[in-house]
Amino acid sequence: MINILINNIRFVNPTSLIRGLQQIQHYPLVIWGTDTEKTGYIPSSLFVDHYIMAPNIDDDITYLQFMQKLCDDNNIQIIIPGSDKDVQFYSKYRREFKTTIILPEEKAVTLFYDKYKATVELEKAGVVVPPIINNLFEEKKIIFRKKISNSSAGISIIDLSKDKSIPNFFNVDYFLQRFIDGNEYTVDIFADKKGHPKLILPRKRLKIRNGMSVCCQLCHHEKIIEICKTIYSKYYIPGLSNVQFIENGNDIYFIELNMRFAGSGICGITASFNYLEQYLEHFLYDVSLQPLEYYLNKVAWSSIVSRYYEECTYSDTGSSNCKSYVQKDK
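Here the structure is a predicted model, which is why all the values come from computation and not from measurement. (Residues numbered from 1 in each chain as written. Predicted model: local features only at pLDDT ≥ 70, side-chain atom pairs only at ≥ 80, totals over all residues. Heavy atoms only, no water.)

Some details on the packing of aromatic side chains
In step 1: For the structure shown, the criterion picks out 15 aromatic pairs.
In step 2: Taking the centre distance of 6.2 Å and the plane angle of 75° together, the rings of Phe245 and Phe254 count as edge-to-face. The same class applies to Phe245 and to Phe254, which are both buried.
In step 3: A connected cluster of aromatic rings, assembled from ring pairs, spans Phe190, Phe273, Tyr275, Tyr279, Phe283, Tyr294 and Tyr295.
In step 4: The cationic tip of Lys147 hangs over the ring face of Tyr116; the distance from NZ or CZ to the ring centre is 5.0 Å. (Phe/Tyr/Trp six-rings, centres within 6.5 Å; stacked < 30°, edge-to-face > 60°. Buried < 20%, exposed > 50% of the residue type's maximum accessible area, 1.4 Å probe, protein only. Lys NZ or Arg CZ within 6 Å of the ring centre and 35° of its normal.)

This is how it looks when you write it as structure tokens:
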């Protein structure tokens with residue numbers, strides 16, 4: 001029996017992760033989920049085996065005490081960070097847990113949550129990025145981007161020839177990049193304990209709704225795969241992560257790297273194989289993984305995957321089975 005904990009499951013990323021784990025047949029899994037809402041108020045609270053209300057992750061100490069007790073009381077073997085806030089929290093407090101938590105090195109976490117520094121450093125390493133803008137008069141369309149942000153939050157596209165209200169371009173919390181039009185790709189990556197990618201799965205985003213891919217196509221894009229190899233050879237990023245690119249002509253532009261399962265990551269599993277099983281085997285039981293090429297051959301390349309919404313119903317009996325894992329002051 002493997003007890004797995006996933007937090008902040010109201011987000012689409014953990015929900016997608018939970019759906020993938022539920023498909024595993026070879027191991028008996030018990031999935032624990034937490035969030036700040038009551039049971040039934042978020043769909044994913046009905047997907048897990050055990051749902052428990054939790055304090056807000058922004059309250060570090062209370063949240064830490066809650067999670068430590070939850071893990072100890074229920075023999076949680078592995079915590080899989082499903083959201084950006086989880087990655088940042090567990091990166092800071094991982095040594096406070098006996099439970100297995102797969103995370104990149106702290107240096108990489110800090111770098112890639114600073115979009116500006118990541119852009120500058122990767123450009124120095126030879127990776128193509130949208131140019132950082134210093135002279136607005138030479139541009140027609142730009143990206144106004146927050147330096148420290150989670151996922152794609154804090155991004156505005158501004159057409160300088162049309163927009164009348166322009167944000168404060170000299171705000172020290174933001175930077176400007178040239179707008180690049182083209183095909184957008186999300187690349188699902190599964191790397192081993194040494195941070196070596198064992199699966200690099202590019203997906204072209206065909207339809208996007210509210211910033212989320214609802215239709216995508218798996219593409220055996222050699223150039224993108226090679227760029228990912230280059231990036232992951234420079235940073236230690238084990239486990240699950242994803243990278244975003246834009247393709248314009250012959251150029252592939254790096255946009256960002258997220259150190260958790262992608263919100264649309266279930267699409268890659270649907271059209272390939274459930275590598276979450278290999279993830280658990282490798283990180284919990286030290287099972288050796290096959291070379292990258294072996295897993296690439298298991299992908300149904302060119303497949304198109306579309307997504308849909310599903311309604312969930314919960315019958316509230318008026319009673320609460322939520323446990324308290326917050327240690328009270330003595």
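Digging into the sheet that holds strand 1 (residues 2-6)
In step 1: Pairing within the open sheet is parallel, and its 5 strands lie in the order 3-2-1-4-5. Looking at the sheet topology across the chains shown, the edges are occupied by strand 3 (50-53) and strand 5 (100-101).
In step 2: Looking at chain direction, strand 4 (residues 78-79) and strand 5 are connected through 2 bridges and run parallel. The partner of Ile79 across the bridge, within strand 5, is Ile101.
In step 3: Each of strand 1 and strand 2 (29-35) touches helix 1 (residues 12-22); the most contacted strand, strand 1, lies at about 165° to it. (Pairing = 2+ DSSP bridges. Helix = DSSP H or I, 4+ residues; strand = E, 2+ residues; numbered from the N terminus. Contact = heavy atoms within 4.5 Å. Axes fitted to C-alpha atoms, helices over the stretch in contact; angles between N-to-C directions.)

Comments concerning the pairing of strand 12 (residues 239-248)
In step 1: Across the 10 residues of strand 12, 9 count as buried, placing the element largely inside the fold.
In step 2: By the bridge criterion, 9 bridges tie strand 9 (residues 183-191) to strand 12 in an arrangement that is antiparallel. Among the inter-strand pairings, Ile189 is bridged to a residue of strand 12, identified as Ser241.
In step 3: Bridge analysis of strand 12 against strand 13 (residues 251-258) gives 7 bridges, and the strand direction is antiparallel. Bridge pairing in strand 13 places Phe245 opposite Phe254.
In step 4: Taking the residues between adjacent antiparallel strands as the criterion, strand 12 and strand 13 are bridged by 2 residues, where Gly249 takes a positive phi near 65°.

Quick notes on the nonpolar core
In step 1: Leu21, Phe97, Phe112, Ile231, Phe245 and Phe254 are the most contacted members of the largest nonpolar core, which totals 88 residues.
In step 2: If near-sequence neighbours (up to four positions away) are discounted, Ile231 is found in contact with Phe112, Leu122, Val127, Phe245, Phe254 and Leu257.
In step 3: By size, the runner-up hydrophobic cluster in this structure holds 5 residues, among which are Ile142, Phe144, Ile158 and Leu176. (Core = buried A, V, L, I, M, F, W, Y, C linked by side-chain atoms within 4.5 Å.)

Points about the pattern of salt bridges
When charged atoms on two side chains of opposite charge get close, those side chains can pair.
In step 1: Under the definition given, this model contains 11 salt bridges.
In step 2: In this structure, Asp188 and Arg203 form a salt bridge, with 2.6 Å as the shortest nitrogen-oxygen distance. Of this pair, Asp188 sits in strand 9 while Arg203 sits in strand 10 (residues 197-209), and the two are 15 residues apart along the sequence. Each member of the pair, Asp188 as well as Arg203, is classed as buried.
In step 3: A salt bridge links Lys229 to Glu226; the shortest N-O distance between them is 3.1 Å. Here Lys229 pairs with Glu226, and both are found in helix 6 (residues 222-234), just 3 residues apart, close to one helical turn.
In step 4: One connected set of salt bridges, linked through shared partners, spans Lys115, Arg145 and Glu256. (Salt bridge = Lys/Arg side-chain N within 4 Å of Asp/Glu carboxyl O.)

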